[in-house]
Amino acid sequence: MEFGAERMRIIYEDLLSFMKRWIYRMEKMCYNIYKDHDKEGDEVIQAVIFDLEGVLVCTEKSHFRAWKQMAMEQGLPFDEEIYRKIRGNGRMDALDIILKTAHRNYSPAEKFALTARKNDLYMEEIAHLTAEDMLPGTRDTIYKLRAMNVKVGVVSSSQNCGAILKKLGIYRPMAAV
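Residues numbered from 1 in each chain as written. Predicted model: local features only at pLDDT ≥ 70, side-chain atom pairs only at ≥ 80, totals over all residues. Heavy atoms only, no water.

With respect to the nonpolar core
Then, number 1: Judged by nonpolar contacts, the single largest core of 40 residues is most densely connected at Leu 56, Trp 67, Phe 78 and Ile 98.
Then, number 2: Here this core gets five residues from one element, more than from any other, and that element is helix α2 (residues 60-73).
Then, number 3: Sequence-distant contacts of Phe 78, defined by excluding residues within four places in its chain, comprise Phe 64, Trp 67, Lys 68, Ala 71, Tyr 83, Ile 86 and Ile 98. (Core = buried A, V, L, I, M, F, W, Y, C linked by side-chain atoms within 4.5 Å. Buried < 20%, exposed > 50% of the residue type's maximum accessible area, 1.4 Å probe, protein only. Helix = DSSP H or I, 4+ residues; strand = E, 2+ residues; numbered from the N terminus. Contact = heavy atoms within 4.5 Å.)

This is the structure we're talking about:
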């Protein structure tokens, strides 16, 4: 079973609700940083570190489709349940979960090739990312923080973090990736 339209709508609405609350908190924090910035002796926030996936951008569907395509090419089943099991795992660990249903063993070289194939499929998926794909309020929050001389960084387990930030047009304001 794929990500159905209703399931995606629910995920999107939950994410949007979370982001609205998060944006409100960030704007309040930015205001407080700005308001208190000139007071001597006050501690002010010097840096903010964001996670990439689910905070700045949501590439969930792209990961799902890339893993599904890779699995289909190998004749392996892949559905939402399997995807839930692999979410948050590194590529090799995720692949090992997918390969549990395989009727043969894969060598380390084959596993490496499969994760590289998944990454190629994922890169094709995100090739069309633009600033419009950022979660609501992301760009404004980053630039408000930068305008107040607050350093902004991104942490991610994704090896594609830099490429995604460049596609979104927010790589340059980052002090650290």
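Describing the packing of helix α4 (residues 91-99) against helix α5 (residues 108-126)
In a packed pair of helices, the relevant descriptors are the angle between the two axes and the axis-to-axis distance.
Then, number 1: Axis separation between α4 and α5 bottoms out at 10 Å; the angle between their running directions is 105 degrees. Our classification of the angle between α4 and α5 gives roughly perpendicular. Contact residues: α4 offers Arg 91, Met 92, Leu 95, Asp 96 and Leu 99, while α5 offers Lys 111, Phe 112, Leu 114, Thr 115 and Asn 119.
Then, number 2: In the contact of α4 with α5, the residues fall into five nonpolar, two polar and three charged. (Axes fitted to C-alpha atoms, helices over the stretch in contact; angles between N-to-C directions. Parallel < 35°, antiparallel > 145°, perpendicular 65-115°, else oblique. Nonpolar A, V, L, I, M, F, W, Y, C, P; charged D, E, K, R; others polar.)

Topic: the packing of α2 against α5
Then, number 1: Taken N-terminus to C-terminus, the directions of α2 and α5 make an angle of 135 degrees; their axes are 8 Å apart at the nearest point. Relative to α5, the element α2 is oriented oblique. Considering the relative orientation of α2 and α5, their crossing is right-handed. When α2 is examined against α5, the residues Ser 62, His 63, Arg 65, Ala 66, Trp 67, Gln 69, Met 70 and Glu 73 are found in contact with a partner set consisting of Leu 114, Arg 117, Lys 118, Leu 121, Tyr 122, Glu 125 and Ile 126.
Then, number 2: Classifying every residue of the contact of α2 with α5 by side-chain character gives seven nonpolar, three polar and five charged. (Left-handed = near helix turned anticlockwise from the far one by under 90°.)

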